[in-house]
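Residue-level structural notes
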Amino acid sequence: MHIWRDKRTILVVIGLPIMQMILFGFAISTEVRNVRFGVFNPSQDAVTLKLEEHFRNNLYFTHVEDITNPNHYVDYFKQDKVDMILVFENNFEYKLVHQGKAHIQILTDGIDPNSSTAIANYANQIIQKFQRENIIQAPTGNIIIPQIRLLYNPQMKSAFNFVPGVMGLILTIICAMMTAVSIVREKERGSMEVLLVSPIKPIYIMISKMLPYLVISVFIMLLIILLSVFMLGVPMAGSYFTFSLVSLVFVIAMLALGLLISTLVENQVIALLISGMGLMMPTALLTGMIFPIDNMPWLLRTISMFLPARWFIAAIRKIMIEGLDFMYIYKEFIILCLMTLALLVVSLKKFKIRLE
């Protein structure tokens, strides 16, 4: 009877397994879907056009670009327009018929080596199937030779993908957890009453709680980036200033989230559960840290849009691995700023000036 009266216990016992099954069941997927691809086809002959049609008709691929300038391949990846580019060599059909072989290059973004490899394998399977159905009967034994190239990460180091994600996960949990217990601790100790009867405004109380943890969070951020670059070998191809600016905004957002949690709960245990377990799984599964967001159902994709870590991880990958400047991550930066402002405003509105 006591368990049934404790609504929080029931929520944890019943709600947590349901949330875990939904997240792990739908978010974890090794399949690659909705692959946006572009094509550079200087030949425009019957074989290349027919092979293009095979990719267009495949459920896993979506044609988005016809590329005319081969010198701008990288720009399409920088602007996040494509996930893969098919590059046919000149005189493709002529070389296939008269020389017995022709080459096609498969370009993918190697920041996530697992997804990139899966995309390349899918593309290779389509090419091989096309070859078996259309060319193998030729007396010369013509073959199409795919050449796979992973941009930004040719060595296929998994750290290039996981380190930015782990940075977002660590900063999310640590920053939110530190501030989540701050105001709750004051409530439990009774010192909050002294603060509330003083002439200090609530906004100054929140700022005073946030600033020390901001200094600590900046130190943790510096420690993480030093370990990433010098121990794990992840490059810092972009600007340290841009990296620091984006990280600082994200840290403030997580501190504000922790303050919001602390204003909504009454004891430190619940605050720790929400800031720890409650944020860990969504951050790990729904931000693109491990599994591609495009593979998830629309509901989980929608939820992921409200997670600051998703935009932070996307921006950090572009800065660290691709070496992009601010103009390529302004979208993520603006979203993080708006989320930070919203969290600060809501935290201030929810702050109770009277203890019940």
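Please read these numbers as outputs of a predicted model, since none were measured by experiment. (Residues numbered from 1 in each chain as written. Predicted model: local features only at pLDDT ≥ 70, side-chain atom pairs only at ≥ 80, totals over all residues. Heavy atoms only, no water.)

1. With respect to the overall build of the protein chain
For the protein chain, the count of helices and strands is 14 helices and five strands. Among the 356 residues that make up the protein chain, the fraction classed as buried is 46%. Put simply, of all contacts in the protein chain between residues at least 6 apart along the chain, 77% involve residues at least 24 apart. (Helix = DSSP H or I, 4+ residues; strand = E, 2+ residues; numbered from the N terminus. Buried < 20%, exposed > 50% of the residue type's maximum accessible area, 1.4 Å probe, protein only. Contact = heavy atoms within 4.5 Å.)

2. Here we look at the pairing of strand β3 (residues 84–88)
For β3, a buried count of five out of five residues is recorded, marking the element as mostly surrounded by other parts of the structure. Residue alternation in β3 divides its side chains into two sets, Met84, Leu86 and Phe88 and Ile85 and Val87, and both sets are buried. Where strand β1 (residues 35–40) lies against β3, four bridges are found, and the strand directions are parallel. Counted as the bridge partner of Val39 is Leu86 from β3. (Pairing = 2+ DSSP bridges.)

3. Considering the sheet that holds β3
Working definition: the strands of a sheet are paired by backbone hydrogen bonds and lie parallel or antiparallel to each other. Sheet architecture is open: five strands sit in the order β2-β1-β3-β4-β5, paired in mixed fashion. The outermost strands of the open sheet, each flanked by one partner alone, are β2 (61–66) and β5 (143–151). Between one strand and the next, the sheet's axes are offset by a mean angle of 25 degrees, whatever the strand orientation. The strands that helix α6 (residues 113–134) touches are β1, β2, β3, β4 (101–109) and β5; relative to β5, the one it contacts most, it runs at about 170 degrees. (Axes fitted to C-alpha atoms, helices over the stretch in contact; angles between N-to-C directions.)

4. Concerning the pattern of salt bridges
Where charged atoms from two side chains of opposite charge come close, those side chains can pair. Counted by the stated rule, this structure contains six salt bridges. The partner of Arg56 in a salt bridge is Glu52, and the shortest N-O contact between them spans 3.2 Å. Pair noted here: Arg56 and Glu52 are both in helix α3 (residues 46–56), with a separation of four residues, about one helical turn. Measuring nitrogen to oxygen at the nearest pair gives 3.0 Å for the salt bridge that ties Lys318 to Glu332. Within this pair, whereas Lys318 is found in helix α13 (residues 308–320), its partner Glu332 is found in helix α14 (residues 330–350), the two being separated by 14 residues in sequence. Just as Lys318 is buried, Glu332 falls in that class too. One network of salt bridges, with partners in common, ties together Arg36, Asp80 and Asp83. (Salt bridge = Lys/Arg side-chain N within 4 Å of Asp/Glu carboxyl O.)

5. A word on a nonpolar patch on the surface
On the surface, a cluster of nonpolar side chains totalling about 530 Å² of accessible area is made up of Ile200, Ile203, Tyr204, Ile207, Leu211 and Leu348. No other element matches helix α9 (residues 202–230), which puts four residues into the nonpolar patch. For Ile207, the location among the structural elements is in helix α9. For Ile207, a relative accessible area of 39% corresponds to the partly exposed category. (Patch = residues over 30% accessible without salt bridge, like charges linked within 9 Å, V, L, I, M, F, W, Y side chains within 5 Å. Areas by Shrake-Rupley, 256 points an atom, 1.4 Å probe, with all protein chains shown as cover.)

6. A few points about the nonpolar core
Formed by 60 residues in total, the largest nonpolar core has its most connected members in Leu171, Phe243, Val246, Phe312 and Met320. Mapped onto this core, the elements with two or more residues apiece are α7 (159–189), α9, α10 (240–264), α11 (268–286), α13 and α14. Contact partners of Met320, with chain neighbours within four places excluded, come to Met167, Ile225, Val234, Pro235, Met236, Ala237, Gly238 and Phe243. Grouped together as the second largest cluster of nonpolar side chains are 24 residues, Val32, Leu86, Ile104 and Ile144 included. (Core = buried A, V, L, I, M, F, W, Y, C linked by side-chain atoms within 4.5 Å.)

7. Thoughts on the packing of α3 against α6
The contact between α3 and α6 brings their axes to 10 Å, and the two run at 130 degrees. Compared by their axis directions, α3 and α6 come out oblique. Between α3 and α6 the crossing geometry is right-handed. Residues Val47, Lys50, Leu51, His54 and Phe55 of α3 lie in contact with α6, whose contacting residues are Ala123, Ile126, Ile127, Phe130, Glu133 and Asn134. (Parallel < 35°, antiparallel > 145°, perpendicular 65-115°, else oblique. Left-handed = near helix turned anticlockwise from the far one by under 90°.)

8. Notes on the confidence of the model for the protein chain
Averaged over all residues, the pLDDT of the protein chain is 81; the fraction at 70 or higher stands at 87%. Within the protein chain, the lowest mean pLDDT, 64, falls on helix α2 (residues 7–27), and the highest, 92, falls on β3. (pLDDT = per-residue confidence, 0-100.)

9. Description of the packing of α10 against α14
As a packed pair, α10 and α14 sit with axes 8 Å apart at the nearest point and diverge in direction by 25 degrees. With respect to each other, α10 and α14 are oriented roughly parallel. As α10 runs across α14, the sense of the crossing is left-handed. When α10 is examined against α14, the residues Leu245, Val246, Val249, Phe250, Ile252, Ala253, Ala256, Leu257, Leu259, Leu260, Thr263 and Leu264 are found in contact with a partner set consisting of Phe333, Leu336, Cys337, Thr340, Leu343, Leu344, Val346, Ser347 and Lys350. In terms of residue class, the contact of α10 with α14 is built from 17 nonpolar, three polar and one charged. (Nonpolar A, V, L, I, M, F, W, Y, C, P; charged D, E, K, R; others polar.)

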